[in-house]
There are 2 protein chains.
Amino acid sequence: MDIKMRTLTTNPYEDGFYMPAEFSEHRATLILWPERRDVWRDGARPVQRVIKELASIIAKFEKVIVGVTRDEFLNARSMLPENVSVFEISYDDAWIRDTAPAFVTDGKELRGVDWEFNAWGGLNGGSYFPWMLDNIVPQKVLEWLHADRYKASITLEGGAIQVDGEGTLIAIKDCILNPNRNPNMNQTEMEQMLYNYLGIKKIIWLEKGLYLEENNGHVDNMCSFIRPGEVFLAWTDNVNDPQYEISHNAYEILSKSVDAKGRSIKVRKLKLPEPLFITGEEADGIELSEYALPRIKGDRLPASYLNFYFVNGGVIVPGFNCAEDEVALTQFKEVFTGRTVIQLNVREILLGGGGLHCMTMQIPMCNSIKGIL
Amino acid sequence: MDIKMRTLTTNPYEDGFYMPAEFSEHRATLILWPERRDVWRDGARPVQRVIKELASIIAKFEKVIVGVTRDEFLNARSMLPENVSVFEISYDDAWIRDTAPAFVTDGKELRGVDWEFNAWGGLNGGSYFPWMLDNIVPQKVLEWLHADRYKASITLEGGAIQVDGEGTLIAIKDCILNPNRNPNMNQTEMEQMLYNYLGIKKIIWLEKGLYLEENNGHVDNMCSFIRPGEVFLAWTDNVNDPQYEISHNAYEILSKSVDAKGRSIKVRKLKLPEPLFITGEEADGIELSEYALPRIKGDRLPASYLNFYFVNGGVIVPGFNCAEDEVALTQFKEVFTGRTVIQLNVREILLGGGGLHCMTMQIPMCNSIKGIL
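Cut-offs and rules
Residues numbered from 1 in each chain as written. Chains lettered and ligands numbered in written order. Predicted model: local features only at pLDDT ≥ 70, side-chain atom pairs only at ≥ 80, totals over all residues. Heavy atoms only, no water. Helix = DSSP H or I, 4+ residues; strand = E, 2+ residues; numbered from the N terminus. Rg over C-alpha atoms; globule rule 2.2 N^0.38 Å. Buried < 20%, exposed > 50% of the residue type's maximum accessible area, 1.4 Å probe, protein only. Contact = heavy atoms within 4.5 Å. Areas by Shrake-Rupley, 256 points an atom, 1.4 Å probe, with all protein chains shown as cover. Lys, Arg positive; Asp, Glu negative; His and termini not counted. Charge placed at Lys NZ, Arg CZ, Asp CG, Glu CD. Phe/Tyr/Trp six-rings, centres within 6.5 Å; stacked < 30°, edge-to-face > 60°. Lys NZ or Arg CZ within 6 Å of the ring centre and 35° of its normal. Buried area = accessible area lost by both parts, 1.4 Å probe. Salt bridge = Lys/Arg side-chain N within 4 Å of Asp/Glu carboxyl O. Polar contact = N/O pair within 3.5 Å; in protein donor to acceptor, adjacent residues only side chain to side chain. Nonpolar A, V, L, I, M, F, W, Y, C, P; charged D, E, K, R; others polar. Least-squares fit on C-alpha atoms with pLDDT ≥ 70 in both. 1 Å grid on protein atoms, 1.4 Å probe; cavity = no way out; pocket = protein on both sides within 12 Å on 5 of 7 lines; lining within 4 Å. Points joined across faces, edges and corners; volume = space filled by probe spheres on them. Pairing = 2+ DSSP bridges. Axes fitted to C-alpha atoms, helices over the stretch in contact; angles between N-to-C directions. Patch = residues over 30% accessible without salt bridge, like charges linked within 9 Å, V, L, I, M, F, W, Y side chains within 5 Å. Core = buried A, V, L, I, M, F, W, Y, C linked by side-chain atoms within 4.5 Å.

Draft legend 1. Quick look at the overall build of chain A. Scanning chain A from N- to C-terminus turns up 12 helices and 19 strands. For 373 residues, the compact-globule formula gives about 21 Å, and the C-alpha radius of gyration of chain A, at 19 Å, lands near that figure. Projected onto the principal axes, the alpha-carbon positions of chain A cover approximately 55 × 50 × 45 Å. Per-residue burial over chain A gives 64% buried out of 373 residues. Long-range pairs, those at least 24 residues apart, make up 75% of the contacts in chain A between residues at least 6 apart in sequence. Summed over its atoms, the accessible surface of chain A is roughly 13,500 Å², and 47% of this surface lies on carbon and sulfur atoms. If the 39 positive side-chain charges of chain A are averaged to one point and the 52 negative ones to another, these points end up 4 Å apart.

Draft legend 2. Structural view of the packing of aromatic side chains. Counted according to the given criterion, the structure contains 36 aromatic pairs over all chains. Ring geometry for phenylalanine 232 of chain B against phenylalanine 308 of chain B: centres 6.2 Å apart, planes inclined by 90 degrees, an arrangement best described as edge-to-face. Taken together, the residues phenylalanine 232 of chain B in strand S12 (residues 230-235) and phenylalanine 308 of chain B in the loop between strand S15 (300-301) and strand S16 (309-311) connect sequence positions 76 residues apart. For the pair formed by phenylalanine 232 of chain B and phenylalanine 308 of chain B, the shared burial category is buried. Look at phenylalanine 332 of chain B and phenylalanine 336 of chain B: their rings are 6.0 Å apart centre to centre, the planes differ by 25 degrees, and that puts the pair in the stacked class. Judged on exposure class, the residue phenylalanine 332 of chain B and its partner phenylalanine 336 of chain B are both buried. Through a chain of ring-to-ring contacts, the aromatic side chains of Phe23, Phe232, Phe308, Phe310, Phe332 and Phe336 of chain A assemble into a single cluster. Its guanidinium or amino end placed over the ring of tyrosine 251 of chain A, lysine 269 of chain A lies 4.7 Å from that ring's centre, counting from NZ or CZ. The lysine or arginine in question, lysine 140 of chain B, covers the ring of phenylalanine 73 of chain A, its NZ or CZ lying 5.0 Å from the ring centre.

Draft legend 3. The interface of chain B and chain A, seen in detail. Residue-level contacts link 38 residues of chain B with 38 residues of chain A. Of the roughly 3,600 Å² buried between chain B and chain A, counting both surfaces, carbon and sulfur atoms make up 64%. Applying the counting criterion to the chain B and chain A interface returns four salt bridges. Residue arginine 77 of chain A is joined to glutamate 143 of chain B by a salt bridge in which the shortest nitrogen-to-oxygen separation is 2.5 Å. Along the contact surface separating chain B from chain A lie 10 residue pairs in polar contact (both at pLDDT 80 or more). Residue classes in the side of chain B that touches chain A are distributed as 20 nonpolar, seven polar and 11 charged.

Draft legend 4. The arrangement of the relation of the copies chain B and chain A in detail. Mapping chain B onto chain A leaves a residual RMSD of 0.0 Å; the transformation is a rotation of 180 degrees accompanied by 0.0 Å of translation along its axis. Here the two chains are linked by the operation of a two-fold rotation axis. With an isologous cut-off of 70% or more, the 100% of interface residues of chain B that recur at the interface of chain A puts this contact in the isologous class.

Draft legend 5. Looking closely at empty space enclosed by the protein. All names here are of chain B. Tallied over the entire structure, the rule returns 17 cavities of 30 Å³ or more. What the largest cavity holds in volume is close to 160 Å³. Along the walls of the largest cavity sit 18 residues, with Glu22, Arg97, Ile161, Gln162 and His357 positioned nearest its centre. Among the secondary structure elements, those contributing two or more residues to the lining of the largest cavity are strand S8 (162-163), strand S11 (223-227) and strand S19 (361-364). For the lining of the largest cavity, the per-class residue count stands at 10 nonpolar, five polar and three charged.

Draft legend 6. Expanded view of the sheet that holds strand S16 (residues 309-311) of chain A. All names here are of chain A. The mixed open sheet is built from three strands, whose spatial order is S16-S17-S18. Only two strands of the sheet have a single neighbouring strand rather than two, namely S16 and strand S18 (340-345). The average angle at which neighbouring strand axes cross in this sheet is 25 degrees, direction not considered. In the sheet, S16 pairs with strand S17 (residues 314-319) via three bridges, with the strands oriented antiparallel. By the bridge assignment for S17, valine 311 is matched with glycine 314. Contacts between helix H2 (residues 45-58) and the sheet are confined to S16, S17 and S18, with S18 contributing the most and set at about 175 degrees to the helix. Relative to S18, helix H11 (residues 324-335) is tilted by about 160 degrees, and along the sheet it contacts S17 and S18.

Draft legend 7. Geometry of the pairing of strand S6 (residues 110-116) of chain A. All names here are of chain A. Judged by how many residues are buried, S6 sits mostly within the fold: six of seven residues are covered. Where strand S5 (residues 102-105) lies against S6, four bridges are found, and the strand directions are antiparallel. In the sheet register, threonine 105 faces S6, and the bridge partner there is leucine 110. Linking S5 to S6, which pair antiparallel, is a turn of four residues; within it glycine 107 sits at a positive phi near 95 degrees. Relative to strand S7 (residues 148-155), S6 runs parallel, the two sharing five bridges. Residue pairing across strands places glutamate 116 opposite threonine 155, the latter belonging to S7.

Draft legend 8. How the structure looks around a nonpolar patch on the surface. Together, Leu123, Phe129 and Tyr291 of chain A give the surface a local cluster of nonpolar side chains, amounting to about 350 Å² of exposed area. Tracing the backbone through its elements, the reader meets tyrosine 291 of chain A in the loop between helix H10 (280-284) and strand S15 (300-301).

Draft legend 9. Summary view of the pattern of salt bridges. Residue and element names in this part refer to chain A. Taken as a whole, this structure holds 52 salt bridges over all chains when the rule is applied. Its salt-bridge partner being arginine 37, residue glutamate 287 comes within 2.9 Å of it at the nearest N-O pair. Of this pair, glutamate 287 sits in the loop between H10 and S15 while arginine 37 sits in the loop between strand S2 (26-32) and H2, and the two are 250 residues apart along the sequence. For glutamate 287, a relative accessible area of 38% translates into the label partly exposed. One connected set of salt bridges, linked through shared partners, spans Asp114, Glu116, Arg149 and Lys151.

Draft legend 10. Layout of the nonpolar core. With 216 residues, the main nonpolar core has Phe332, Phe336 and Ile349 of chain A together with Phe332, Phe336 and Ile349 of chain B as its most contacted residues. Setting aside chain neighbours within four positions, we find phenylalanine 332 of chain A in contact with Phe232, Leu270, Tyr305, Phe308, Val315, Val317 and Val341 of chain A.

Draft legend 11. A look at the layout of surface pockets. Of the volumes computed, that of the largest pocket is approximately 540 Å³. Around the largest pocket, the lining is made up of 27 residues, and of these Arg70 of chain A together with Arg70, Asp71, Ser90 and Leu133 of chain B lie nearest the centre.

Draft legend 12. Structural view of the environment of leucine 329 of chain A. All names here are of chain A. Structurally, leucine 329 can be placed in helix H11. Sequence-wise, leucine 329 and isoleucine 342 are 13 residues apart; in three dimensions their C-alpha atoms are separated by 8.2 Å. Apart from the residues lying within four places of it in its own chain, the contact partners of leucine 329 are Val341 and Gln343.

Draft legend 13. Spatial organisation of the side chain of serine 85 of chain A. Locating serine 85 of chain A in the fold gives a position in strand S4 (residues 84-88). By relative accessible area, serine 85 of chain A is classed as buried at 2%. A distance of 2.9 Å separates a polar atom in the side chain of serine 85 of chain A from a polar atom in the side chain of histidine 146 of chain B. When sequence neighbours within four positions are dropped, the list of residues in contact with serine 85 of chain A reads Lys63, Val64, Ile65, Val66 and Arg77 of chain A together with Glu143 and His146 of chain B.

Draft legend 14. Quick look at the sheet that holds strand S11 (residues 223-227) of chain A. Residue and element names in this part refer to chain A. In spatial order, the strands read S11-S12-S13; together these three strands make up an open sheet with mixed pairing. Bordering the open sheet on either side are S11 and strand S13 (266-271), each of which pairs with just one other strand. Averaged over neighbouring strand pairs, the angle between their axes works out to 30 degrees when direction is ignored. Bridging between strand S12 (residues 230-235) and S13 involves six bridges; their strand directions are parallel. Looking across to S13, one finds that valine 231 is bridged to valine 267. Packing against the sheet, helix H9 (residues 243-255) makes contact with S11, S12 and S13, and its axis sits at approximately 165 degrees to S12.

As structure tokens, this is what we get:
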């Protein structure tokens, strides 16, 4: 039989493969079902309702597959609509953006890059322990798709990279070059790996990520491509907010940068919500365990409108039930005139440390996806 | 999106669907990976080697998907060849023949019938407890295939039915009508269910199954279709074997029967191996637990050449490392001149109570299988 899922010994660059932009057409969206009680409050029921809503919205635009553990299979199946598929898979937590393979294509065939994953820093600043099930999520997903696999021996997460699909990558030094990910690699070595495994030609490095965000700076909370040559940048005009300097520094870098095609980057400032904090009731709903970071009343939450998600013909924009929601929504509608823009309140996801972009992963459209058979 | 996996409220018969014969073309074969230590000796390693061999052989003829639990994923992936896909799924044991849905088609679309499963008799004679994960295997498999589901409220196993794909079913009363399966149904009611859910028109009832077989008589150890109008029947000429009367009684019934098309049934006698017994060493390798039947030195094993499996262009025939293997193989080669006949030693599967047919399930060829995407 000719259908094989192989682990290749070459790399995408030399094979003519590259990572398409998220705004390109999708074949489907992957989501994982949150369940752990030491991350998600009230036994994960409130966040499950949000994920149900998120999956239902995306399913209006494209196929959705929700991965779920053995224990939650029937619960997820009963909560999700019929047009969402539910596949059993085990994982340590539901951050598929960071645990999925990076999908690459040569325009004909789909393959996946399987990075190392250590829960955003391992024992040196990571968010939970263990992460061994997360680390084999890419293999399982690639089996579903009968897609060949590249194994990249670097620690990296999908939320830490933004590509324009035309050769340009934006990433944040504080995260990518953090010793808690790849202690034995310098910047030049890391750049070579990114060139090879993402098929890119140019990296724009920002210095720091969103203030207090626990991933050491995921670019998907800070700066996201709208289209080639154009980005949203997380913004604040409040000089007393530590975010102020971070955003202004990034603006300066981006304004002076050109992309892989030699274009200047058009930067659109996207105002962050005013600082949001975890309430006592919310913190109280999270079970204490030895295996996950505690969440404490009054902790500032890493809320960002940058953490949006493209779907075919649409954009899903986070909302936080605060005054800035409307401003952000208006701005998205202005920028994405050709797409349906839908806002979803993601506070329950935010309580776990991320947003709706962190909870989704696109499978690029590709004619030769062989699917399960 | 139009891809839905629905649970239908109609039945296959009224929708124009029927169950194709196993000898019809397959889209793929499903297998589950054995692992439980209280059924499979020596931590299931010996039987895993046989399943690896079985999957490898079948993969030469058609696509194979092996389902495996979270704990065994990497082990199975590393043991199986690249052209076999490995999907995570949980189950109580690996008897996919009995836990899979019965696939039905109208010639265009694939759907599945999800029976109740109670481990061959539940607390009244079943082989293990619990069986709740087995019971939702059909839902998970149908999700993989994006195939709609019929939920049939009767307890039935795939090994208990043999169809010719042209309207005829052969089954064994001792099993199908056993009070430990469907205590509140009489024969007429059960026949109506089988007509409705398998799209058949005629049932040929045998009285008893293979001697000492613990499923109360699975027809796939006793009598199997070779092609429409023609069967193999488990046979012995040893008048002192309790099997003698069982086989002769079945022969008499079959010889007098006509199938759904009005054809007489041509019966080919297939000689069983001489009685085989579990050795002390084998019994000693099985861990004692409260959850599975004990296996004791000297127990007679339900060995049968009837438990063979069709693949596209081939037939996989069980072998038991005994004198009759060669006789059976010759007989298969005579009957299946158009197929490659391969014999595989399945003693390790037999120690768990079944054979290679019990460990496989065909997905019929069907143009509209939507696969994972």
